[in-house]
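Single-letter residue listing:
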Amino acid sequence: MAEKQFKTTIGGQALIEGILMRGPEKQCIVVRGPEGLVIREEELRLIRDRYPILGLPLIRGSVTFIDSMVKGVKALMFSADYFPEEAGTEEPSRFEKWLDKKLGNEKMEKLLIGFSVVLAVCFSVGLFMLLPTFLASFVEKVTGSVLVRNLADAVLRIAIFMAYMIAVSRMKDIRRTFSYHGAEHKTIFCYEKGLELTVENVRVQPKHHPRCGTSFLLIVIVVAILINTIIFSLFPVDNVFLRMLVQLLLLPLVVGITYEFNRYVGGHDNPVTGFLARPGLWMQNFTTFEPDDSMMEVAIEAMKRVIPAEEGKDQW
């Protein structure tokens, strides 16, 4: 019999043939390797627990984002180790051998994780924020209107973001990963409804979840558009590169506001929050697909291992 429905803080991330689930006390990676399920559990150590100031509103958004990025990249690297490689894989290069010799496996892993996080952030900021601003600057050759330029910037950001997501979702390997994303959402819904975590119960749940973390990027772009429109309307900046610099300086504020927005929308059920959640739910048409039973089994196993022993500790 189902218990009263509630909202959990437990969230996840789709991996290569696997899922990362993150609870209030620990996280668990479950990967379906060639010989069966590979499971890795670890206690969560959050930097904001050691430095309470990092848990304050607006500040905690950037801290949580970076922490999630680092843990997510680690989990992806772990899952990649069990992903079958193509025959004829080349031997490591001299440079790779030199790095491994000089740094060792542990330091090498930290270096790769740090580089991957920086690269991912630079790619996202460059493609979805700086590039649209640069392209929108060409509007100035037609009109000197700041409003028109800001509008062109906003349209380009949304267009580039959506074109990227649609293109990525059509890739075969990525589509399979997005199916694991669907398994994650269905399993969280099943748990929140108080149902037993079985494939049968998980299968009938929706694959679109209102508190999906991947909707975060879309909201970041929308918040950035609003803040930049206000700032550059009140204080016009003609130089396009100076506008880019200002956007970079405003990025922590944008991420902080977005994080607080998501927390509020995710924790309240009313017509207003329902309306605000719609864009993120719509975007999941491109980032979440129906999983098969084996994917749901992976998600269930990961979920079971991060549910806290103390009831209600994961209450949103």
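Report on the accompanying structure.

The rules behind each value
Residues numbered from 1 in each chain as written. Predicted model: local features only at pLDDT ≥ 70, side-chain atom pairs only at ≥ 80, totals over all residues. Heavy atoms only, no water. Helix = DSSP H or I, 4+ residues; strand = E, 2+ residues; numbered from the N terminus. Rg over C-alpha atoms; globule rule 2.2 N^0.38 Å. Buried < 20%, exposed > 50% of the residue type's maximum accessible area, 1.4 Å probe, protein only. Contact = heavy atoms within 4.5 Å. Areas by Shrake-Rupley, 256 points an atom, 1.4 Å probe, with all protein chains shown as cover. Lys, Arg positive; Asp, Glu negative; His and termini not counted. Charge placed at Lys NZ, Arg CZ, Asp CG, Glu CD. Salt bridge = Lys/Arg side-chain N within 4 Å of Asp/Glu carboxyl O. Phe/Tyr/Trp six-rings, centres within 6.5 Å; stacked < 30°, edge-to-face > 60°. Lys NZ or Arg CZ within 6 Å of the ring centre and 35° of its normal. Polar contact = N/O pair within 3.5 Å; in protein donor to acceptor, adjacent residues only side chain to side chain. Pairing = 2+ DSSP bridges. Patch = residues over 30% accessible without salt bridge, like charges linked within 9 Å, V, L, I, M, F, W, Y side chains within 5 Å. Core = buried A, V, L, I, M, F, W, Y, C linked by side-chain atoms within 4.5 Å. Axes fitted to C-alpha atoms, helices over the stretch in contact; angles between N-to-C directions.

Points about the overall build of the protein chain
Turning to step 1, where the next piece is worked out: Of regular secondary structure, the protein chain possesses 10 helices and four strands.
Turning to step 2, where the next piece is worked out: Helices and strands in the protein chain line up, N terminus first, as β-β-β-β-α-α-α-α-α-α-α-α-α-α.
Turning to step 3, where the next piece is worked out: On C-alpha atoms alone, the protein chain measures out to a radius of gyration of 21 Å, which is about the 20 Å that the 2.2 N^0.38 rule sets for 316 residues.
Turning to step 4, where the next piece is worked out: Expressed as lengths along the three principal axes of its C-alpha atoms, the size of the protein chain is roughly 60 × 60 × 40 Å.
Turning to step 5, where the next piece is worked out: With 316 residues in all, the protein chain has 41% of them scored as buried.
Turning to step 6, where the next piece is worked out: Expressed as a percentage of contacts within the protein chain between residues at least 6 apart in sequence, the contacts between residues at least 24 apart total 72%.
Turning to step 7, where the next piece is worked out: In the form shown here, the protein chain has an accessible surface area of approximately 18100 Å², with 63% of it arising from carbon and sulfur atoms.
Turning to step 8, where the next piece is worked out: Taking the 36 positively charged and 36 negatively charged side chains of the protein chain as two groups, their mean positions are separated by 5 Å.

A few points about the pattern of salt bridges
Turning to step 1, where the next piece is worked out: Under the criterion given, the structure shown has 16 salt bridges.
Turning to step 2, where the next piece is worked out: Arg-32 is paired through a salt bridge with Glu-297; the nearest N and O atoms lie 3.1 Å apart. Here Glu-297 lies in helix H10 (residues 293–304) and Arg-32 lies in strand E3 (residues 26–33), a separation of 265 residues in the sequence.
Turning to step 3, where the next piece is worked out: The class for Arg-32 is partly exposed, based on a relative accessible area of 26%.
Turning to step 4, where the next piece is worked out: What makes Glu-297 partly exposed here is its relative accessible area of 39%.
Turning to step 5, where the next piece is worked out: Among the charged side chains, a salt-bridge network with shared partners connects Lys-26, Glu-41, Glu-301 and Arg-305.

As for the packing of aromatic side chains
Turning to step 1, where the next piece is worked out: Scanning all chains against the criterion turns up nine aromatic pairs.
Turning to step 2, where the next piece is worked out: Both rings, one in Phe-128 and one in Tyr-164, keep their centres 5.5 Å apart while their planes meet at 70°; by these two values the pair is edge-to-face. You can see Phe-128 sitting in helix H3 (residues 94–136) and its partner Tyr-164 sitting in helix H4 (residues 146–169), a full 36 residues away along the chain.
Turning to step 3, where the next piece is worked out: The cationic tip of Arg-175 hangs over the ring face of Phe-289; the distance from NZ or CZ to the ring centre is 3.9 Å.
Turning to step 4, where the next piece is worked out: One residue, Arg-211, lies across the ring of Trp-316, its end atom 5.2 Å from the ring centre.

A word on the side chain of Glu-192
Turning to step 1, where the next piece is worked out: Within the secondary structure layout, Glu-192 lies in helix H5 (residues 172–192).
Turning to step 2, where the next piece is worked out: Looking at Glu-192, the relative accessible area reads 2%, which means it is buried.
Turning to step 3, where the next piece is worked out: Within the structure, Glu-192 has its side chain in polar contact with the side chain of His-209 (distance 3.1 Å).

Thoughts on the pairing of strand E2 (residues 18–22)
Turning to step 1, where the next piece is worked out: Counting buried positions along E2 gives five out of five residues, so the element sits mostly inside the fold.
Turning to step 2, where the next piece is worked out: Side chains of E2 alternate between two faces, with Gly-18, Leu-20 and Arg-22 and Ile-19 and Met-21 buried alike.
Turning to step 3, where the next piece is worked out: Bridge analysis of strand E1 (residues 11–15) against E2 gives five bridges, and the strand direction is antiparallel. Of the residues in E2, the one forming a bridge with Gly-11 is Arg-22.
Turning to step 4, where the next piece is worked out: What sits between E1 and E2 in their antiparallel hairpin is a turn of two residues, with Glu-17 showing a positive phi close to 55°.
Turning to step 5, where the next piece is worked out: For E2 and E3, the ladder comprises five bridges, and the chain directions are antiparallel. When the sheet's bridge partners are listed, Ile-19 is paired in E3 with Val-30.
Turning to step 6, where the next piece is worked out: Joining the antiparallel neighbours E2 and E3 is a turn of three residues.

Examining a nonpolar patch on the surface
Turning to step 1, where the next piece is worked out: Taken together, the side chains of Ile-47, Tyr-51, Ile-53, Leu-56 and Ile-59 present a nonpolar region at the surface, about 450 Å² in accessible area.
Turning to step 2, where the next piece is worked out: As for its position among the elements, Tyr-51 is in the loop between helix H1 (47–50) and helix H2 (59–80).
Turning to step 3, where the next piece is worked out: A residue is classified by how much of its surface remains accessible, and Tyr-51, at 46% relative accessible area, is partly exposed.

Focus: the nonpolar core
Turning to step 1, where the next piece is worked out: The biggest cluster of nonpolar side chains holds 23 residues, and the ones touching the most others in it are Ile-19, Met-21 and Met-303.
Turning to step 2, where the next piece is worked out: Secondary structure elements with two or more residues in this core: E2, E3, H5, helix H6 (199–203) and H10.
Turning to step 3, where the next piece is worked out: Counting residues in each nonpolar core, the second largest holds 16 residues, with Ala-224, Met-244, Val-254 and Tyr-259 among its members.

A closer look at the sheet that holds E2
Turning to step 1, where the next piece is worked out: As summarised here, the arrangement of the four strands in space is E1-E2-E3-E4, forming an open sheet in which the pairing is antiparallel. Lying at the two open borders of the sheet, with one neighbouring strand each, are E1 and strand E4 (36–43). The average angle at which neighbouring strand axes cross in this sheet is 15°, direction not considered.
Turning to step 2, where the next piece is worked out: Lying over the sheet, H5 contacts E1, E2 and E3, oriented at roughly 160° with respect to E1.
Turning to step 3, where the next piece is worked out: This element, H10, spans E2, E3 and E4 of the sheet and lies at about 25° to E2.

In short, geometric facts, not functional conclusions.
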